[in-house]
Amino acid sequence: MQANITLLNWKLEKYYDEKKIPVWVFDSNYELSYTNFTTSAILNLMESMRQMARSFTLAHSIEGFHLNLDNPYEMYFFLSNDVSRHQENVIIIGPIMSIKPNENIWKQLSFSGNLFAEQKRVISHALPVLSLEDFKYELANFFKNIIEEPAPEFLHKYDGEKKTDPTPSKEKHSAKSEGIAIDDSIDEFFDVEELCRLESLYKFYIINGSTYKLYALFQDEDALSVLFPNKASLKDCGIRAVELLTIAKMASIESGNDRKKSHLRFHKYTEQLKTYKSYDKMLASIEKASIEFARNSHDINMYTRDEYSPMTNKCIKRIIEKLPEKVSLDELAKELKISSKYLSALFNKETGSSITDFMQDIRVNEAKHLLTDTELSYSEISNLLNFSSQSYFNAIFKKKTGLTPKEYREQANQQNTTASQ
């Protein structure tokens, strides 16, 4: 290795900036002397790398290098380097992921030990995803341009420009793609089985109105990496977003929602998607649409009754389909083609509640779920449920429950803590 440590460190830092490939250097006592991997989760990986350095010295010190492919999801390259007559460093290049990790894969990784969800998210974004062939090209580049030493013989054929497939992209796709262009780079880490599982869950949550489960799903970076495997491509994100909206629409109809209303909601959000220029905006829109579809399913199943007249149940469905938007008695009566006075009297007689109180009950019940099952702030919940202000939300919530939103959340958290002990 070059004697100019300052220059080498600069090269390695630049190497990570360009390639996202971590490099670790351990001295003869297995103390970390350098790494270009500087995320907040460095300590979690460092101990794992230290153990690997020891194992390499015991098993492969004679060869002086080793390509570790023991785990199908992670790759490493180990190299011995003589610093002086009595000191030898171990260089580790990796971990290199062969697939974007999801929750099932995290359990099988050698370094995932005690990682928290946030640390997994950080590491997932900080590590590269490469095929074995691409990794070998990067190793050849590392020897040639970073440490400027001869590469092992098995890397000689990779010492040059990476060959690209001259076949036009449209001709590379099989007939089963039905003419739709598919980005082959996604296939390397595209987990079809996990995607199907998450889509089934997504549909189940909407049919059953599990809005709080949907909130959790859209906060799970591992799940989002499977649902949107190529976030860098706006086109791919748009396709996936429309696919999810289609699932949501069909699930909503299956749960008993009005078919026309479901189609209109689908059309509204697909049109919005055309205007967005970033993955984050698309994701926020899909989350909002999913919650609306699920809320309709949940509330229709919860509030309609066989003993109610068809007109009352139809009124309930119309209210739910319009929430969280405000709807007046006159608007409902006009849509249902009856007088406001008759609708108000019928609704009150059969449900024991005025239409205004009924709408407040629905929003308060939804707020209860959000307070106990999400970490959304009080203002975010107020805005999401379309209360005119947070103070008005607080007043209505206390009127219906006897507690402020803050008191309700604290009480729920305390009960959960007690139940888990």
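Cut-offs and rules
Residues numbered from 1 in each chain as written. Predicted model: local features only at pLDDT ≥ 70, side-chain atom pairs only at ≥ 80, totals over all residues. Heavy atoms only, no water. Helix = DSSP H or I, 4+ residues; strand = E, 2+ residues; numbered from the N terminus. Axes fitted to C-alpha atoms, helices over the stretch in contact; angles between N-to-C directions. Parallel < 35°, antiparallel > 145°, perpendicular 65-115°, else oblique. Contact = heavy atoms within 4.5 Å. Nonpolar A, V, L, I, M, F, W, Y, C, P; charged D, E, K, R; others polar. Phe/Tyr/Trp six-rings, centres within 6.5 Å; stacked < 30°, edge-to-face > 60°. Buried < 20%, exposed > 50% of the residue type's maximum accessible area, 1.4 Å probe, protein only. Lys NZ or Arg CZ within 6 Å of the ring centre and 35° of its normal. Core = buried A, V, L, I, M, F, W, Y, C linked by side-chain atoms within 4.5 Å. Salt bridge = Lys/Arg side-chain N within 4 Å of Asp/Glu carboxyl O.

Caption draft 1: Focus on unusual backbone geometry. With an omega of 5°, the peptide bond between Gly 94 and Pro 95 qualifies as cis. Of note, Pro 95 is situated in strand β5 (residues 87–97). A positive phi angle, near 65°, is found at Asn 386, a position not held by glycine. Summarising the element assignment, Asn 386 is placed in the loop between α18 (378–384) and α19 (390–401).

Caption draft 2: Seen up close, the packing of helix α14 (residues 310–322) against helix α16 (residues 340–351). Two elements in contact, α14 and α16, have axes whose closest approach is 10 Å; the angle formed by their N-to-C orientations is 100°. Put simply, α14 runs roughly perpendicular to α16. When α14 is examined against α16, the residues Met 311, Thr 312, Cys 315, Ile 316 and Ile 319 are found in contact with a partner set consisting of Leu 343, Leu 346, Phe 347, Glu 350 and Thr 351. For the contact of α14 with α16, the class distribution of residues is seven nonpolar, two polar and one charged.

Caption draft 3: Region of the structure containing the packing of aromatic side chains. Applying the stated rule across the entire model yields 17 aromatic pairs. Centre to centre, the rings of Phe 56 and Phe 78 are 5.5 Å apart; their planes meet at 15°, and the pair counts as stacked. With a gap of 22 residues between them, Phe 56 in helix α2 (residues 42–60) and Phe 78 in strand β4 (residues 74–84) connect regions that are remote in the sequence. Just as Phe 56 is buried, Phe 78 falls in that class too. With a centroid separation of 6.4 Å and 40° between ring planes, the pair formed by Phe 77 and Phe 154 is classed as tilted. With a gap of 77 residues between them, Phe 77 in strand β4 and Phe 154 in the loop between α5 (132–146) and α6 (169–172) connect regions that are remote in the sequence. On the basis of relative accessible area, Phe 154 is assigned to the partly exposed category, the value being 29%. By way of ring pairs, the aromatic residues Phe 65, Phe 77, Phe 142, Phe 143 and Phe 154 are connected into one cluster. Over the ring of Phe 266 we find Lys 249; its NZ or CZ atom is 4.4 Å from the centre of that ring.

Caption draft 4: Spatial organisation of the packing of helix α15 (residues 329–336) against α16. Between α15 and α16, the least distance of the axes is 9 Å, while the angle of their chain directions is 100°. Relative to α16, the element α15 lies roughly perpendicular. In this structure, α15 uses Leu 329, Asp 330, Leu 332, Ala 333 and Leu 336 to contact α16, whose residues at the interface are Ser 340, Leu 343 and Ser 344. Classifying every residue of the contact of α15 with α16 by side-chain character gives five nonpolar, two polar and one charged.

Caption draft 5: Expanded view of the nonpolar core. Tyr 202, Ile 206, Leu 214, Phe 228, Leu 245, Ile 286 and Ile 381 are the most contacted members of the largest nonpolar core, which has 46 residues in total. Of all elements in the fold, only α8 (192–207), α9 (211–219), α10 (221–227), α11 (234–254), α12 (259–273), α13 (279–303), α17 (355–373) and α19 reach the threshold of two or more residues within this core. It is α13 that contributes the most residues to this core, eight residues altogether. Those residues in contact with Tyr 202, other than ones at most four positions away along the chain, are Leu 214, Leu 217, Phe 218, Leu 244, Ile 247, Ala 248, Ile 286 and Ser 290.

Caption draft 6: Representation of the pattern of salt bridges within the structure. This model, assessed by the stated rule, comprises 13 salt bridges. With its nearest N and O atoms 2.8 Å apart, the salt bridge here joins Glu 47 to Arg 50. Placement of the pair is Glu 47 and Arg 50 together in helix α2, with a separation of three residues, close to one helical turn. Glu 47 sits in the partly exposed class, given a relative accessible area of 39%. The class of Arg 50 is buried, set by a relative accessible area of 10%. Residue Arg 240 pairs with Glu 243 through a salt bridge whose shortest N-O separation is 2.1 Å. Placement of both Arg 240 and Glu 243 in helix α11 is noted, with a separation of three residues, approximately one turn of the helix. Residue classification places Arg 240 among the buried positions, given a relative accessible area of 9%.

Any functional reading would require information that these geometric values do not contain.
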